[in-house]
Amino acid sequence: MSEIKTTNDLRNHLCSAISKIGDGKISKDEVEMTVKLSKQVHESIYSEARMMKLNMELNLESESFGKLSLHN
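Let me sum up the structure you'll find in this document. Computed from a predicted structure; not experimentally measured.

What follows concerns the pattern of salt bridges. Inspection of the entire model under this criterion finds two salt bridges. Salt-bridge contacts for Glu57 lead to Lys53; the nearest nitrogen and oxygen are separated by 3.5 Å. You can see Glu57 and its partner Lys53 sitting in helix H2 (residues 28-57), four residues apart, about one turn around the helix.

This is the structure we're talking about:
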């Protein structure tokens, strides 16, 4: 499996999984797990984007995308 670095990479990976299930190459359970995990990745990206937007609206400095601290 190639490394997933961008949202486009993620979409391509998911579409590939959809094709593989249609071809009978992977199980429905494997696809469902991939989709669930991808939703978690999407949620974290969306949350970070919202945090950066809020910081901009409040004229606060924020870290670069992908650098948001998970600690206080």
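Here the narrative resumes.
Glancing now at the environment of Lys5. In this fold, Lys5 is placed in the segment before helix H1 (7-22). When the C-alpha atoms of Lys5 and Gly66 are compared, they prove to be 11 Å apart, with 61 residues separating the residues in sequence.

Take a nonpolar patch on the surface next. Taken together, the side chains of Met51, Leu54, Leu58, Leu60 and Leu68 define a hydrophobic patch exposed on the protein surface, amounting to about 440 Å² of accessible area. Residue position: Leu60 is located in the segment after H2.

Rules of the game
- Residues numbered from 1 in each chain as written.
- Predicted model: local features only at pLDDT ≥ 70, side-chain atom pairs only at ≥ 80, totals over all residues.
- Heavy atoms only, no water.
- Salt bridge = Lys/Arg side-chain N within 4 Å of Asp/Glu carboxyl O.
- Helix = DSSP H or I, 4+ residues; strand = E, 2+ residues; numbered from the N terminus.
- Patch = residues over 30% accessible without salt bridge, like charges linked within 9 Å, V, L, I, M, F, W, Y side chains within 5 Å.
- Areas by Shrake-Rupley, 256 points an atom, 1.4 Å probe, with all protein chains shown as cover.

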